[in-house]
Amino acid sequence: MTHPVPKPWILGLTGGIGSGKSAAAQCFIDLGIHAVDADHAARWVVEPGRPALASIVEHFGPGVLQASGELDRAALRQLIFSNPEQRRWLEALLHPLVREEIAASLSRATSPYAILVSPLLIESGQYRTTQRVLVIDVPSELQIARTMQRDNTSQAQVEAILQAQAQREERLRHADDVLVNDRDPAWLKSEVERLHHFYLTLTGGH
Ligand code: ADP
């Protein structure tokens, strides 16, 4: 007789921009854990040829397209950043599509648990689709310094991004586990390994 393979439980992984979510997720992936990044899913749903992109162009005009026909994410970000109404419009369009992409990816996982990486895990409500929440936390100054180095972006924009995201305190309120990523990459890796071995002992994330 065959036994049904238990469905992996879902770990939500979040943290502010530049906190090290992607770096932490990569450590889990290296340990054989399936991970899907909500930001990547959000990019897949607006690839050329997919219906969401046509809706966005119709709404915002052709200025949101690059010459290649791909979405100009920077141009779109400029349009919605200081305009909550437009941002809500975009979110209403994309959120259900992104949810479907994420669910499809997670349903393909064969690891003991699987990870949903999302900067907006808490405020989007995505955390409710997970069984456990891991917050990657760093002091704000370190977060800004790393993000500026990575993206070569202006400090003002980084600070606006930080404010538009959940307050650090709110994230931490939802955390089951907190990884303080204020040391070097080797420390990050060892902390992920420690959590991984703990997670392997859990059933359904508890
Ligand atoms: P996020 O996905 O949360 O926006 P990233 O994982 O991209 O953040 O990390 C932001 C930047 O900081 C990247 O360039 C990454 O390589 C770097 N970084 C992350 N963790 C560490 C660390 N422990 N030590 C040094 N650099 C780090």
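Just so you know, these numbers come straight off a predicted model, no measurement behind them.

Peer 1: Could you clarify how one ought to interpret the environment of Glu 159 in this entry?
Peer 2: Note on placement: Glu 159 falls in helix α7 (residues 155-164). Put simply, Glu 159 and Ile 144 are 15 residues apart on the chain and 7.5 Å apart in space, counted from C-alpha to C-alpha.

Peer 1: Would you mind showing me how to read the domain arrangement of the protein chain here?
Peer 2: Reports often express the size of an interface as the amount of accessible area lost when the parts come together. For the protein chain, the assigned domains are domain 1 (9-33 + 113-206) and domain 2 (39-110). Once you take the C-alpha centre of each, domain 1 and domain 2 turn out to be 23 Å apart. Taken together, the contact pairs 9 residues of domain 1 with 6 residues of domain 2. Note on domain 1 versus domain 2: buried area summed over both sides is about 710 Å², and carbon and sulfur give 73% of it. Remark: the boundary between domain 1 and domain 2 carries 0 salt bridges. Our count for the domain 1 to domain 2 interface comes out at 0 residue pairs in polar contact (both at pLDDT 80 or more). Looking at the side of domain 1 that touches domain 2, the elements with two or more residues in it are β3 (113-117) and α7. Within the side of domain 1 that touches domain 2, the residues separate by chemical class into 7 nonpolar, 2 polar and no charged.

Peer 1: Help me out: how do you make sense of the site of the ligand in this one?
Peer 2: Within the structure, the ligand sits among 14 residues, and Gly 18, Lys 21, Ser 22, Arg 150 and Asn 181 are positioned closest to it. At 2.6 Å from an oxygen atom of the ligand is found a side-chain nitrogen or oxygen belonging to Ser 22. Backbone polar atom of Arg 183 to a nitrogen atom of the ligand: 2.8 Å apart, as the coordinates give it. Counting residues per element, the ones that place at least two in the shell around the ligand are α1 (21-30) and α6 (140-151). Ranked by the residues each element gives to the shell around the ligand, the list is headed by α1, at 3 residues.

Peer 1: What is the right way to read the packing of aromatic side chains from this model?
Peer 2: Each aromatic ring pair is specified by the distance between its two centres and by the angle formed by the two planes. Throughout the structure, instances matching the rule amount to 7 aromatic pairs. For the ring pair Phe 28 and Tyr 113, a centre distance of 6.4 Å and an interplane angle of 85 degrees mean the geometry is edge-to-face. Within this pair, whereas Phe 28 is found in helix α1, its partner Tyr 113 is found in strand β3, the two being separated by 85 residues in sequence. With respect to burial, Phe 28 and Tyr 113 carry one shared label: buried. For the ring pair Tyr 113 and Tyr 199, a centre distance of 5.4 Å and an interplane angle of 75 degrees mean the geometry is edge-to-face. With Tyr 113 in strand β3 and Tyr 199 in helix α9 (residues 185-199), this pair connects stretches of sequence that are 86 residues apart. Take Tyr 199: its relative accessible area is 0%, and that puts it in the buried class. The rings of Trp 9, Phe 28, Tyr 113, Phe 198 and Tyr 199 are connected pair by pair, giving a single aromatic cluster. The ring of Trp 187 carries Arg 183 above its face, with NZ or CZ at 4.2 Å from the centroid.

The rules behind these values
Residues numbered from 1 in each chain as written. Predicted model: local features only at pLDDT ≥ 70, side-chain atom pairs only at ≥ 80, totals over all residues. Heavy atoms only, no water. Helix = DSSP H or I, 4+ residues; strand = E, 2+ residues; numbered from the N terminus. Domains from an automatic or database assignment. Contact = heavy atoms within 4.5 Å. Buried area = accessible area lost by both parts, 1.4 Å probe. Salt bridge = Lys/Arg side-chain N within 4 Å of Asp/Glu carboxyl O. Polar contact = N/O pair within 3.5 Å; in protein donor to acceptor, adjacent residues only side chain to side chain. Nonpolar A, V, L, I, M, F, W, Y, C, P; charged D, E, K, R; others polar. Near = heavy atom within 4 Å. Phe/Tyr/Trp six-rings, centres within 6.5 Å; stacked < 30°, edge-to-face > 60°. Buried < 20%, exposed > 50% of the residue type's maximum accessible area, 1.4 Å probe, protein only. Lys NZ or Arg CZ within 6 Å of the ring centre and 35° of its normal.

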